[in-house]
Amino acid sequence: KNEKLWGGRFEKSLEHWVEEFGASITFDQKMAEFDIKGSIAHAKMLGQTGIIDLAESETLVKGLEELLTEYHDGKLVFNVTNEDIHMNMEVLLTQKVGAVAGKLHTARSRNDQVATDMHLYLKYHLSVVNQKLKNLREVLVTLANDHVETIMPGYTHLQHAQPISLGHYFMAYYSMFTRDSDRFTFNMIHTDISPLGAAALAGTTFPINRELTADLMAFSDIYTNSLDAVSDRDFILEFLSNASILMMHMSRMCEELILWCSNECQYISLSDTFSTGSSIMPQKKNPDMAELIRGKTGRVYGNLMSLLTIMKSLPLSYNKDLQEDKEGMFDTVETISVSIDILAGMLETMTINKEKMLYSTEKDFSNATELADYLASKGVPFRQAHEIVGSLVLECTTAGCYLQDVPLTRYKELSPLIEDNIYDVLQSQTAVKRRNSLGGTGFEQVKHQISLAKSTLSSE
Ligand code: ARG
């Protein structure tokens, strides 16, 4: 005899280690709250449609509500023998209300139940993630606002390219995180759909009311095809791929923070509250948290690849392989949620060394484009201007000086068009300020981006 809820057609039981291999309760209990809420909606619907007696429906709902309270109080005990969260809950409900608990699973399968739980779980967490992202975006806008006129070296190929506003840098990440948030919002469309009522795969002969359960669970939409409803994991794949892109953005930023607090740059120093020391080297202050976000990015990518691979070649509809969809989703929700908070905290508390940033734009040739543009604006073909400045850079490199150190007499030899206002043009501050083309790093442009961002944030 087999004591499982599904044990009727079996003569023997699973050995415990086999049972353990098949069970998901160790991880799917993270959906406990959503499982109960889905069951409450289903029980109410069974009563209202007359599929079961109203009194029975009320008993089920009351029992489930008590389970919810006990769950929140940490009093529910789950076990591997009951396999997963769905059957553990049914057993607990039976202990509470007796045999009537056996009516709860009328017109329902674990296949539509588990899909419902996952939709509810992700729907909740998508909005939490977007709240956290909003906070990060606000932190970036505040920093940008404080640093419109802070000058830093802008890089290409990790070589000094042209000076930029630090505010402009922060707003670049604001834009990336805004797109990330938009992607999660879009992800919500495919998550906010009720699979409940698809039953095992084909629907049911009972006169269920799917609109009612969808309403009770606050879903905006209902799957139109029962096979699709129990087989679809696109909404999770979308989430994992959106999360991967988000982690990629955070990882790029962290990489820069790590470089910036190196001895070579010294552009920033991270707060003690977000740094760690070394067990052997007393002087060390390490950017561990930034490194961890960079590292965890690999782990989130792995979760995406894992589910893509699990889903590949799966025939319709439910297959037990699908049980492997959960841990990567939970892990990704937890990883991105804490990473967003850590990044925001690190940014808010770091100290920015403006002088060092500015200084490093003055001990380089990142004003070479200014000189070339200066000549071009006076009618010299840009290509020729580029050539003149290029050879002057070479000359300076040999002489050990910078463009702003070249005397006016030498400039006049290179081109009589050059006047003494060139020294102002060559200053980093001026270079940044004058890049006033739409979307450029000019102070006015950065302020414009900030005001757009502020109105976007206040409308969310
Ligand atoms: N624990 C299972 C899962 O996570 C629930 C669905 C089980 N359905 C089934 N037909 N065995 O996928």
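Please read these numbers as outputs of a predicted model, since none were measured by experiment.

Enquirer: Can you break down the overall build of the chain residue by residue, with the values?
Expert: A tally of helices and strands in the chain yields 19 helices and six strands. Taking 2.2 N^0.38 as the reference for a compact globule, 460 residues should give roughly 23 Å; the C-alpha atoms of the chain span a radius of gyration of 31 Å, well beyond that estimate. With respect to the three principal axes, the spread of C-alpha positions in the chain is 100 × 50 × 40 Å. Across the 460 residues of the chain, 40% fall into the buried class.

Enquirer: Tell me about the domain arrangement of the chain, and please be specific about residues and values.
Expert: Assigned domains within the chain: domain 1 (13-106), domain 2 (111-358) and domain 3 (360-445). Spacing between the C-alpha centres of domain 1 and domain 3 amounts to 73 Å.

Enquirer: Explain the UniProt feature "domain: Fumarate lyase N-terminal" (unreviewed entry) in the chain to me, and be specific about the residues and the numbers.
Expert: UniProt feature "domain: Fumarate lyase N-terminal" (unreviewed entry): in the numbering of this structure it lies at residues 8-302. The span residues 8-302 is 60% helical and 6% strand by assignment, and the distance between its end C-alpha atoms comes to 40 Å.

Enquirer: Can you lay out the nonpolar core for me, pointing to particular residues and giving the numbers?
Expert: One finds A144, F170 and Y174 to be the most contacted residues of the largest nonpolar core, which totals 97 residues. Per-element tally for this core: the top contributor is helix α6 (residues 110-146), with 14 residues. Summarising the domain contributions, this core has at least three residues from each of domain 1 (13-106) and domain 2 (111-358). Among the nonpolar cores identified, the runner-up in size contains ten residues, and A368, Y374, A385 and V406 belong to it.

Enquirer: Tell me about the UniProt feature "domain: Argininosuccinate lyase C-terminal" (unreviewed entry) in the chain, residues and numbers included.
Expert: Listed under "domain: Argininosuccinate lyase C-terminal" (unreviewed entry) in the UniProt record, and renumbered for this structure, are residues 365-433. Helix makes up 65% of residues 365-433 and strand makes up 0%, while its end C-alpha atoms are separated by 17 Å.

Enquirer: Tell me about the packing of helix α11 (residues 288-311) against helix α12 (residues 326-349), residues and numbers included.
Expert: At a closest axis distance of 10 Å, the pairing of α11 and α12 adopts a crossing angle of 155 degrees. Put simply, α11 runs roughly antiparallel to α12. In this structure, α11 meets α12 at a crossing whose hand is left-handed. Within the contact between the two elements, α11 uses M289, A290, I293, K296, R299, V300, N303, S306 and L307 and α12 uses G328, D331, T332, T335, I336, S339, I342, L343 and M346. Counted by class, the contact of α11 with α12 contains nine nonpolar, six polar and three charged residues.

Enquirer: Can you break down the site of the ligand residue by residue, with the values?
Expert: Contacts to the ligand come from S24, D28, D84, R110, N111, V114, Y318, K320, L322 and Q323. Here the shell around the ligand takes three residues from α6, the largest share from any one element. For the shell around the ligand, the class distribution of residues is three nonpolar, three polar and four charged. Per-domain counts for the shell around the ligand show at least three residues from each of domain 1 (13-106) and domain 2 (111-358).

Enquirer: Account for α11, with residues named and values stated.
Expert: Under the 1.5 Å per step criterion, the end-to-end length of α11 is 35 Å for 24 residues, consistent within 8% with the ideal 34 Å. Listing the buried residues of α11 in full gives M289, A290, I293, R294, K296, T297, V300, N303, L304 and L307. Contacts made by the buried residues of α11 are with α10 (234-260) and α12. Of the residues flanking the end of α11, it is S313, one or two places downstream, whose phi is positive at about 70 degrees.

Enquirer: Could you give an account of the confidence of the model for the chain, naming the residues involved and the relevant values?
Expert: For the chain, the average pLDDT comes to 96, and 100% of its residues sit at 70 or higher. Interface scoring of the predicted complex returns ipTM 0.98; its pTM is 0.95.

Enquirer: Account for the pairing of strand β1 (residues 151-156), with residues named and values stated.
Expert: Taken together, the six bridges between β1 and strand β2 (residues 159-165) define a ladder with antiparallel strand orientation. In the sheet register, P153 faces β2, and the bridge partner there is P163.

Enquirer: Could you give an account of the packing of α6 against α12, naming the residues involved and the relevant values?
Expert: At their nearest, the axes of α6 and α12 sit 9 Å apart, and the two run at 15 degrees to each other. Between α6 and α12, the crossing angle belongs to the class labelled roughly parallel. You can see that α6 and α12 cross each other, and the crossing is left-handed. Here L122, H125, V128, V129, K132, L133, N135, L136, V139 and L143 of α6 lie close against α12, whose contacting residues are M329, V333, I336, S337, I340, D341, L343, A344, L347 and E348. Looking at side-chain class alone, the contact of α6 with α12 contains 14 nonpolar, three polar and three charged residues.

Enquirer: Provide a residue-level description of unusual backbone geometry, including the pertinent values.
Expert: Between L316 and S317 the backbone carries a cis peptide bond, its omega angle lying at 0 degrees. Relative to the elements of secondary structure, S317 occurs in the loop between α11 and α12. You will see that L158, though not glycine, has its phi angle at about 60 degrees, which is positive. With a phi angle near 55 degrees, Q266 is a residue other than glycine that sits in the positive phi range. Structurally, Q266 is set in the loop between α10 and β5 (268-269). Accessibility expressed as a C-beta count within 10 Å gives 15 for Q266, which makes it partly exposed.

Rules behind the numbers
- Residues numbered from 1 in each chain as written.
- Predicted model: local features only at pLDDT ≥ 70, side-chain atom pairs only at ≥ 80, totals over all residues.
- Helix = DSSP H or I, 4+ residues; strand = E, 2+ residues; numbered from the N terminus.
- Rg over C-alpha atoms; globule rule 2.2 N^0.38 Å.
- Buried ≥ 20, exposed ≤ 12 C-beta atoms within 10 Å, placed from the backbone.
- Domains from an automatic or database assignment.
- UniProt positions renumbered as here; feature names shortened; annotations may be inferred.
- Core = buried A, V, L, I, M, F, W, Y, C linked by C-beta atoms within 7 Å.
- Axes fitted to C-alpha atoms, helices over the stretch in contact; angles between N-to-C directions.
- Parallel < 35°, antiparallel > 145°, perpendicular 65-115°, else oblique.
- Left-handed = near helix turned anticlockwise from the far one by under 90°.
- Contact = placed C-beta atoms within 7 Å.
- Nonpolar A, V, L, I, M, F, W, Y, C, P; charged D, E, K, R; others polar.
- Near = placed C-beta within 6 Å.
- Expected span 1.5 Å × (residues − 1).
- pLDDT = per-residue confidence, 0-100.
- Pairing = 2+ DSSP bridges.

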